[in-house]
Each structure stands twice: as structure tokens, then as C-alpha cells.
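Architecture and fold: a report
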Amino acid sequence: MAARIREMRCELSFLKNADGSACFSQGSTCVWASCSGPGDVHASRANEEAMTLDISYRANCGDNKFNVLNNIIQSTMSKAINLELFPHTAITVTIHGIQDDGSMGAAAINSACFALLDNGMPFETVFCGIQIVRVKDELIIDPTAKQEAASTGKILFAACKGADGYPEMCSMDAIGQWDYIQLEAAWSLAQPSASAIFDFYRTVMKRKHSVDER
Amino acid sequence: MSSEVLRGIDPLGYLTTFFREGVFPDGRGLLDEQKLVFKQGECGGVGSSVVSTQGVTVSCTIEASVSLVSDGQLINIQIEPSQQLSEKEAEDFNNLLLPLFTNGSFILRENLRCLDVNGKALPLEWQFLITVKVLCLEGNLLDAVVCAIGAALADTKLPSIVLNHSEGDESAIEKSQIQADYGTIHKLILEEPLMCCSFGVFVDNDSKKKSEILLMTPDIEATSVCRATCSVVIGKGDRIALVRERGRITSFSLLKKMCQITAERRHKLVEALRTA
């Protein structure tokens, strides 16, 4: 098992015109995320009881009308944010894949969380994404594009921080030929990485809110 | 207060009382299977099916065309949006189902080669356009769509191809050199049938244990009060072909139970098809 995630980097408030934004990279995979809102929403899309989420993931190539990642990001965010705090409003989150060297799904989820944190949204729990692939019966966490291409199975976990501080599974997309034991092993492999990503969130936010000592 | 009023103003409270007793409001057990009805060959194309299960009815039609051998995608799936299914949701299901074809869970790529009258493989491949129409949507769509595609593929009958192009000829194959011979029909060689089951995970917040209750194929009303939902697709050798889980699950063992239930249901389907 390859149990290390690649080096993460993040720059907050990266885009001037968004309420919250982040430039996030995980190894050579790089994404930009921005969010604007809660703000006005068209009457046809307004929800009387909750905030409307508008998620759009845009890859760096191809048709970007719909993307399979939108569903998992939207679902994870709706569990992590108390949408009922902002009825009759909408928040727009746009994630641009800038450079794809594997684990794009995980990077997109992490960057979306950073953009929301930068925006100052009240969270119920923070969330993160971890991608795992299987290459020749070996589980690889945070794979590169080459490893992804050679894989026979792919899992994308979205984890959130549980009440006891340990990562809890929030969403999962698994595709390929798996058995239950492998899925369980993949989740066991993902948990320490999720904790490491949560620690990284803390470090970045601490840096953002620290008083400049120079 | 009548139960219908309670159901309208406090669906969570209404449903909780039933789930504590281990049943849905219609009297079905929480892990009881629902009837699956399918009919093949009624909707045109080279293969078709209509499937009805858990309040969802879908039709599936397969249209075939011939192409030269290439690395390109041979199967395209199109779930048509309807009043009950938005374009965004339909496209999401398309994206979800496509990997089941690319990784050969339904059918292997080599089994899509065109055959001549003697069953010999030609340098041509079948391309399929699978169109799914949603006729009624009162439950989980994925369960019905996976069954419908499997049934339509099993119903698919393809003609033999007559290719008037010698093997040694290096010139490109012309359209006029390809002819379909409907005198000899070939059936597709499929992988073992897939079974999809959807589950809901309900958490009883009023109980002391706050235990997670597993619901099999919950309807829309029951799904709305579930903390998590999960769709599991099981294929050959009881291997998991696809899992889509949404919402928080504290115990991973629930997933094991879902996989076991889906595998058991698949065995029943395989047995029913064998005896039919």
C-alpha cells in the first residue's frame, strides 16, 4: 500500500472578485476554486427553507456542461454546511481544473472547502477528498495521472470530521471490480490522510488569521 | 389528528414510528425486496426492455450501427430528461453508468465485433446507442436503469455482416462494401447480469443508542428523512462494480450488509433467468 499523499500547497483569497477563493495544488495537480454568496437568487431557483447550492466543476479540456464531480461536491457541501441558515439565497462555487496530474476529484473537493473557509461560511464540519486507486492489487492513495490510467478500480472518498474528531465518511464513489475487504482497506488507508488534510486546513487558516509579526 | 395530516406536517415523526417497528408505512419489511417486472423486445431497436420496480418504470432501447475497428467509445448511453428528471440529473446518471461499459461490467469490448454468417469476426465493430426513457419516477432510478440495460442487452439480436472486401486488400473499407444479412442472427455474449440495489440509512435521534437503521429501496418520502443513501451495483463473482454513497455513515459494516443483500438478490435473478 502506498499511504502518503503528495505535498499540498494553498493560497487563499487568490481571486480578487470572488468572496472566497483558493489556489490549491496536490503534487502537480492544481485547481482554482472560487465562491460567491450567499447572495440573491432568481425566484425560480429560490428555496424557502434553505440556501441553493450552485456547484460547477470545469475541467481544463473537453465539454464542461456537466461533470460527474459536481454531484459528489454538491452532496458533500450540503452535509457540511447548514443550508437552513441562509434561506432564499444562493452560493455559487466554481472549481477550475488547471493542471491534471491525477486525483483531480480529491483536489476539487479540498479546494472547494478552502474557498468556503476563505469566504467565512459557517461550517457544521469541514470536509476533504481522498482518491484511491488499485493497481495490480495494490492500493495507491492520491495517485498520479499515470497511476490512474493504469488502475483497475477507483474510489473517491469525501470525509468530514466526526464528533470525536476522527474522519467520518461523508460520500463515496467507487468504480471498478472491488470486494468489500478492499473497500474497507481503502477507507482505513484514507482515514490518516483525511486527518493530515484537516491538519493542513488548520495550518493554512492559522496563517491567514495570524497577525503579521514583521 | 389523522395520520395523513401527521404525515404532512411531521414526516420524520410519522415515519420514525414505522421504522422502529421494522416496517415501511405500506407494511413492507425494512429489508424486504420489491417486485421486479421486465418485458423484452417491445420498444423497437435491435434490443429493448421495459422494467418496473419500486415505483420506477423505464424503457430502454438499443440502436446499433457498424464502425471500423478503433479505440473509440463503442457504447453511448442517453437517459432522456423528463418532467420528473432534470437535464442535470439525467446527465449525472449518464456519467455514472458509462464506466460500467468502459470497464466491461455489462459486456466486453471484444464481444462487440461484427460477425459474418459463419460466426467469424470481421474488422468491424458494433456501436450502440442506448436510450433510456423514464416513464415513472417514484423511487430510485439507478436500480431500474441497470436492470433495464441488462435486459435490453440480453434481448439484442444482431444480423450477420457480409463484407465485400478481401483480407489482403489494404484500401479503406467503403460503406457500400458492408451489408447486413438478416438471415443469420447473432446474440450478444454478455457478462453475468448486474444487480443494483439502493438503500437508505435512517438514524433514530429519539432513541438512546441513536442506532443506524438500514432501509432497502426506500421511496422518495423515506429517502427524504434518511441521513445517508447508497446505491450498490454487484456483478460477476459478487464483485462490487459500482458504489455511490451520499451522506454520513459512521459504521462501515453497513456497507458490507448492503453488498451482501445486493449479492443475494443478484443470485435470485441469475437463478430466475436460468430457470426461465
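Treat the numbers as computed from the prediction; the structure is a model and nothing was measured.

Okay, the UniProt feature "domain: Exoribonuclease phosphorolytic" (unreviewed entry) in chain A next. Residue and element names in this part refer to chain A. UniProt records the feature "domain: Exoribonuclease phosphorolytic" (unreviewed entry) for residues 5-122 and 126-158 in the present numbering. Regarding residues 5-122, the helix share stands at 24% and the strand share at 34%, and the terminal C-alpha atoms are separated by 27 Å. Helix makes up 18% of residues 126-158 and strand makes up 58%, while its end C-alpha atoms are separated by 10 Å.

Bringing the interface of chain A and chain B into the picture now. A common measure of how large an interface is: the accessible area buried when the components associate. Taken together, the contact between chain A and chain B spans 22 residues of the former and 23 residues of the latter. Contributing elements (two or more residues each) for the side of chain A that touches chain B: helix H1 (69-80), strand S9 (167-178) and helix H4 (180-209) of chain A. With eleven residues, the top contributor of residues to the side of chain A that touches chain B is S9(A). Classifying every residue of the side of chain A that touches chain B by side-chain character gives twelve nonpolar, five polar and five charged. In terms of strand pairing, S9(A) meets strand S12 (residues 240-249) of chain B through seven bridges, oriented antiparallel. Its bridge partner being in S12(B), A:Trp178 is matched across the sheet by B:Ile240.

Moving on: the nonpolar core. By size, the foremost hydrophobic cluster in this structure holds 131 residues, and its most contacted members are A:Ala112, A:Ala159, B:Val145 and B:Ala148. Shared between two domains, this core takes at least three residues from each, and those domains are domain 1 (36-187) and domain 2 (194-275) of chain B. The contact partners of B:Val145, leaving out residues within four places of it in the chain, are B:Val58, B:Ile79, B:Phe93, B:Leu97 and B:Val132.

Turning next to the sheet that holds strand S1 (residues 8-12) of chain A. Residue and element names in this part refer to chain A. Read from one edge to the other, the open sheet built from five strands follows the order S1-S2-S3-S5-S4, with strand pairing classed as mixed. Looking along the sheet, the strands with just one partner apiece sit at the ends: S1 and strand S4 (52-58). Between one strand axis and the next, the sheet turns by 15° as a mean value, whatever way the strands run. Note: strand S2 (residues 20-26) against strand S3 (residues 29-39), seven bridges, orientation antiparallel. Of the residues in S3, the one forming a bridge with glycine 20 is cysteine 35. Strands in contact with helix H2 (residues 104-119) are S1, S2, S3, S4 and strand S5 (90-99); relative to S2, the strand with the most contacts, it is inclined by about 150°.

All names here are of chain B. Looking at chain B as a whole, its pLDDT mean stands at 86, while 99% of the residues score no less than 70. No element of chain B has a lower mean pLDDT than helix H1 (residues 3-9), which averages 79, and none a higher one than strand S11 (residues 228-234), which averages 92. Interface predicted TM-score (ipTM) for the complex: 0.88; the corresponding pTM is 0.88.

Moving on, we get to unusual backbone geometry. All names here are of chain A. We note that serine 13 has phi near 50°; this positive angle belongs to a residue other than glycine. You can see serine 13 is positioned in the loop between S1 and S2. Classification of serine 13 by C-beta neighbours within 10 Å gives partly exposed; the count is 15. The phi angle at lysine 136 is positive, at roughly 50°, despite the residue not being glycine.

Among the structural elements, A:Cys35 can be located in strand S3. As for A:Cys35 and A:Val204, which are separated by 169 residues in sequence, their C-alpha atoms are 18 Å apart.

A word on the packing of H1(A) against H2(A). All names here are of chain A. Interhelical geometry of H1 versus H2 gives an angle of 35° and a closest axis separation of 10 Å. In terms of crossing hand, the pair formed by H1 and H2 is right-handed. Where H1 abuts H2, its residues Leu69, Ile73, Thr76 and Met77 lie against Gly105, Ala108, Ile109 and Ala112. When grouped by side-chain class, the residues that make up the contact of H1 with H2 number six nonpolar, two polar and no charged.

Residues and elements named next belong to chain B. Domain assignment breaks chain B into domain 1 (36-187) and domain 2 (194-275). The interface of domain 1 with domain 2 comprises 13 residues on the first partner and 13 residues on the second. Of all the secondary structure elements, the ones that give two or more residues to the side of domain 1 that touches domain 2 are helix H3 (87-102) and helix H4 (141-155). Among the elements that line the side of domain 1 that touches domain 2, the one with the most residues is H4, at four residues. When its residues are assigned to classes, the side of domain 1 that touches domain 2 shows five nonpolar, six polar and two charged.

Thresholds applied
Residues numbered from 1 in each chain as written. Chains lettered and ligands numbered in written order. Predicted model: local features only at pLDDT ≥ 70, side-chain atom pairs only at ≥ 80, totals over all residues. UniProt positions renumbered as here; feature names shortened; annotations may be inferred. Helix = DSSP H or I, 4+ residues; strand = E, 2+ residues; numbered from the N terminus. Contact = placed C-beta atoms within 7 Å. Nonpolar A, V, L, I, M, F, W, Y, C, P; charged D, E, K, R; others polar. Pairing = 2+ DSSP bridges. Core = buried A, V, L, I, M, F, W, Y, C linked by C-beta atoms within 7 Å. Buried ≥ 20, exposed ≤ 12 C-beta atoms within 10 Å, placed from the backbone. Domains from an automatic or database assignment. Axes fitted to C-alpha atoms, helices over the stretch in contact; angles between N-to-C directions. pLDDT = per-residue confidence, 0-100. Left-handed = near helix turned anticlockwise from the far one by under 90°.

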